[in-house]
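# Structure at a glance
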Amino acid sequence: MLEIFMEYYPLFLSGLGVTVFVTLISCSLGTVLGTFLALGKIYGNKFVSAVVRTIISIIRGTPLLVQLFIIYYGLPSWGINMDPITAAIISFIINSGVYQAEYLRGSIQSISGSQLKAAQSIGMTKWQGIRHIVLPQAFRRVIPSWTNEFIYMIKYSSLAYVIGARELMTEGKLIASRNYQFFDVYLVVALIYLIVIIFFVAIFNRIEKKVTIP
Amino acid sequence: MPTKHLLKIENLHHSFGEEEVLKGISFSLDKGETKVIVGPSGTGKSTILNNIIRLVPPKKGKIYLENTEITSAKKINEIRQQIGFVFQDFGLFNHLTAKGNIMIGLTKVKKMNKKEAEDLALLELDRVGLKEYADSYPSQLSGGQKQRVGIARALAMQPKLILFDEPTSSLDPELTGEVLKVMRNLAEEGMTMLVVTHEMGFARSVADELIFMEAGKIVEQGNPEKLFTDPDHQRTREFLFQLTDLYGEGEN
């Protein structure tokens, strides 16, 4: 196993680089998207909140793989072409954004009522109250769910191999098809995922501890 | 309609669904006055306060802050800056320290710079006797301390008057004294205050006028001593005696 890693480490590591890159971008832009969706659902007018509900129900109700195929194989028929990594990132942002919107919505709603009222009582506008009072608390509360989402995303990003994005899983498959040592190669791949996830969980736990309110 | 009063409420009505909770309330408040509203729960006392700063917009009636009609004012957040509000459940921002709770309104609403805001926050904390708790978070404070931070936060905005919505009702009895003492000092310093409370001792000794409400109407209002000793309505007497029995004279 170690020999296999030593022999092919440039490939494994470049695959890992793509995996981490795709996950980081997807999760963080997913947070931005999720925040807007959650705010739209809670504070938006009837129209906005209906639109958000529809988006959430469509994305949650269909498989990620199907969404990925629609973006990578479907959009070109409308003249929109993109490389596999871009297609993967876009579909992951949308998917992750929708899930994060739901986590955030719960956490915002658990804070909003009296805290927003207090913010408005000192003359803040609703938006100022949301920005300075509600969101800073909601984000802290959502970190554990966010960590979970990140773990899922590292693993789900392996789906990008089916459209040929050269992330960790794709590299593993290429190596295995070259040397036929499927067991050892995929074991290395699995171990790399495991180590990376343990590493990131440790980081997020640390952040959570650091920003926690006594 | 111009008014010489600081706050004037005219024929205020409010309802929640079918249930009419305020049935035409009128009274006014002059600069430096403290008025206390008492009455059984569910009578609409807190609704009046919420109507004033439009956290709950009133259904009918007019409210004036000096010469501005605030029931229809466009920029309600500018009106709210001029009216302090102290909540029954404190309403402190849980992610900010005592100092931060006071500073955020100053920096974000009044656009004061950070240093000035901090100085003023410390000054107001000192005024309510909590200077040494400036860096404590709400969860590290007792109920009485939290409420005093709430009062300091309202004070720092330099409001024209402060509304108190049952400020001691969620406190343990032994903690009400410290909050009432701060309020008593404010009244003596000439702050204009409208207080909803069950603390009869406070009402009797601090209020310039006592307003007794029941079922959405003002039953009787006037000098507290008169209401306690020689009220015009039998119901006023019953209620005040019952509460004095329940809560005692308050304050230690």
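Refer to the structure above for everything that follows.
The written sequence of each chain sets the order in which its residues are numbered from 1. Labels are handed out in written order, letters beginning with A for the chains and numbers beginning with 1 for the ligands. Side-chain atom pairs in this predicted model are given and counted only at pLDDT of 80 or more, local residue features only at pLDDT of at least 70, and totals for whole chains, interfaces and linings cover all residues.

On to the interface of chain A and chain B. Any pair of residues counts as being in contact when their C-beta atoms, constructed from backbone geometry, are within 7 Å of one another. Listed by partner, the interface residues are 18 residues for chain A and 22 residues for chain B. Those elements that place two or more of their residues in the side of chain A that touches chain B are helix 4 (84–121) and helix 5 (126–156) of chain A. For this classification, the nonpolar set comprises Ala, Val, Leu, Ile, Met, Phe, Trp, Tyr, Cys and Pro, the charged set comprises Asp, Glu, Lys and Arg, and every other residue, Gly included, is treated as polar. Of the residues in the side of chain A that touches chain B, the class split is seven nonpolar, nine polar and two charged. Per the convention used, a helix needs a DSSP run of H or I reaching at least four residues, while a strand needs a run of E reaching at least two, with both numbered from the N terminus.

A few words now on the sheet that holds strand 6 (residues 83–86) of chain B. Through backbone hydrogen bonds, the strands of a sheet pair up, either in parallel or in antiparallel fashion. Residue and element names in this part refer to chain B. Taken in spatial order, the six strands make up an open sheet running 6-7-8-3-9-10, and their pairing is mixed. Bordering the open sheet on either side are strand 6 and strand 10 (217–222), each of which pairs with just one other strand. With direction set aside, neighbouring strand axes in the sheet form an average angle of 15°. When strand 6 meets strand 7 (residues 161–165), the two strands line up parallel, connected through four bridges. Residue pairing in the sheet places Ile83 in a bridge with Leu161 of strand 7. Two strands qualify as a pair provided that DSSP identifies no fewer than 2 bridges between them. Angles here are taken between N-to-C directions and fall from 0 to 180 degrees, while the axes themselves are lines fitted to C-alpha atoms, restricted in helices to the stretch in contact.

By definition, a nonpolar core groups buried Ala, Val, Leu, Ile, Met, Phe, Trp, Tyr and Cys residues that connect through C-beta atoms lying within 7 Å of each other. Labels follow a simple rule on C-beta atoms placed from the backbone: if 20 or more others lie within 10 Å of a residue's own, it is buried; if 12 or fewer, it is exposed; otherwise it is partly exposed. With 121 residues, the main nonpolar core has Ala152 and Met193 of chain B as its most contacted residues. Counting residues per element, this core draws most heavily on helix 4 of chain A, which supplies 14 residues.

All names here are of chain B. Its place among the elements puts Ser169 in the loop between strand 7 and helix 6 (173–188). The sequence separation of Ser169 and Asp89 amounts to 80 residues, and the corresponding C-alpha distance is 8.4 Å. Among residues more than four places away in sequence, those in contact with Ser169 are Gln88 and His198.

Right, let's talk about the pairing of strand 2 (residues 19–29) of chain B for a bit. Residues and elements named next belong to chain B. Bridging between strand 1 (residues 7–16) and strand 2 involves eight bridges; their strand directions are antiparallel. For Leu7, the partnering residue across the bridge sits in strand 2 and is Leu29. With antiparallel pairing between neighbouring strands as the criterion, strand 1 and strand 2 make up a hairpin whose turn holds two residues, including Gly17 at a positive phi of roughly 65°.

Inspection of the secondary structure assignment puts Val109 of chain B in helix 3 (residues 98–109). Expressed as a C-alpha distance, the spacing of Val109 of chain B and Gln81 of chain B, which sit 28 residues apart in the sequence, is 8.1 Å. Sequence-distant contacts of Val109 of chain B, defined by excluding residues within four places in its chain, comprise Ile122, Gly123 and Met124 of chain A together with Gln81 of chain B.

What follows concerns the packing of helix 5 (residues 143–156) of chain B against helix 6 of chain B. Residues and elements named next belong to chain B. Between helix 5 and helix 6, the least distance of the axes is 8 Å, while the angle of their chain directions is 20°. By the angle class used here, helix 5 and helix 6 are roughly parallel. For the crossing formed where helix 5 meets helix 6, the hand is right-handed. Side by side, helix 5 and helix 6 meet where Gly143, Gly144, Gln147, Arg148 and Ile151 of the first sit next to Leu175, Glu178, Val179 and Val182 of the second. Every angle not falling under 35 degrees, over 145, or within 65 to 115 is termed oblique; those three ranges are roughly parallel, roughly antiparallel and roughly perpendicular. In this scheme, a crossing is called left-handed if the near helix is turned counterclockwise away from the far one by less than a right angle; it is called right-handed if the turn is clockwise.

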